[in-house]
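Residue-level structure breakdown
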Amino acid sequence: EVQLLESGGGLVQPGGSLRLSCAASGFTFSSHAMSWVRQAPGKGLEWVSGISGSGGSTYYADSVRGRFTISRDNSKNTLSLQMSSLRADDTAVYYCAKESRASLFVGQNPFDFWGHGTMVTVSS
Amino acid sequence: DIQMTQSPSSLSASVGDRVTITCRASQGISNYLAWYQQKPGKVPKLLIYAASALQSGVPSRFSGSGSGTDFTLTISTLAPEDVATYYCHDYYSAPPTFGQGTKVEIK
């Protein structure tokens, strides 16, 4: 059974940093690209960042590029998102999402499994 | 980047009604289009991929169609448990893009 378990969310002041993690199990982690998708309170889904199975390719939304860094540890089946220079508009539930098919590329498959999300609140 | 325009933003229909949601891509994306259902307080769930393929376990009252730039999600007979927000998702190329969502309510 595929499981994705996010952690690391919390309350942080504007300009602060936070590191999110996603522990994956139930599938061959290194074969699948992974993404972070966020959802601000009462708003829609926004793709944030994605990483290939090998970790060699990464992509970012314009809204977070230069502030967020995605990474993965295939030996530990863990996906991470290092967030810095956080702003109020980064406040959201952050979901870890698995692409449905094994692929060398990022963002070219639908997301068939999602974690339950971790809440990030940026406020003074 | 590709933009996805979803409509309507919300709708209210009666149980048993046929419901249609549309999604338009700013450029052709072949059939690299998925639909998700997100019930209140829940995680998004994949319903349709490759524009028209039904994800395992999804009721057959859900169907998808389209190719290129124009896509449709249809609920043939609306059920009370279908109250949710529905999102389209283009995965033609990185970065992937979601539509703004369509909130479906029961009249």
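Analysis parameters
Residues numbered from 1 in each chain as written. Chains lettered and ligands numbered in written order. Predicted model: local features only at pLDDT ≥ 70, side-chain atom pairs only at ≥ 80, totals over all residues. Heavy atoms only, no water. Helix = DSSP H or I, 4+ residues; strand = E, 2+ residues; numbered from the N terminus. Contact = heavy atoms within 4.5 Å. Buried area = accessible area lost by both parts, 1.4 Å probe. Salt bridge = Lys/Arg side-chain N within 4 Å of Asp/Glu carboxyl O. Phe/Tyr/Trp six-rings, centres within 6.5 Å; stacked < 30°, edge-to-face > 60°. Lys NZ or Arg CZ within 6 Å of the ring centre and 35° of its normal.

**Digging into the environment of valine 19 of chain B**
Residues and elements named next belong to chain B.
- For valine 19, the position within the fold is in strand β3 (residues 19-25).
- As a C-alpha pair, valine 19 and alanine 84 span 65 residues in sequence and 13 Å in three-dimensional space.
- Excluding residues within four positions of it along the chain, valine 19 makes contact with Leu11, Ala13, Leu73, Thr74, Ile75 and Leu78.

**Topic: the interface of chain A and chain B**
- Contact with chain A, which involves 20 residues of that partner, is made by 19 residues of chain B.
- Where chain A abuts chain B, roughly 1500 Å² becomes buried across the two surfaces, and 70% of that area is made up of carbon and sulfur atoms.
- The tally of links from chain A across to chain B stands at zero salt bridges.
- Elements supplying a minimum of two residues to the side of chain A that touches chain B: β4 (34-39), β5 (45-51) and β10 (111-114) of chain A.

**Digging into the packing of aromatic side chains**
- Tallied over the full model, the rule gives 10 aromatic pairs over all chains.
- Three or more aromatic residues joined by ring pairs make a cluster, and in this case those are Tyr95, Phe111 and Trp114 of chain A together with Tyr36 and Phe98 of chain B.
- Taking NZ or CZ as reference, arginine 72 of chain A lies 4.2 Å from the ring centre of phenylalanine 29 of chain A, over its face.
- Residue placement shows lysine 98 of chain A over the ring face of phenylalanine 27 of chain A; its charged tip is 5.3 Å from the ring centre.

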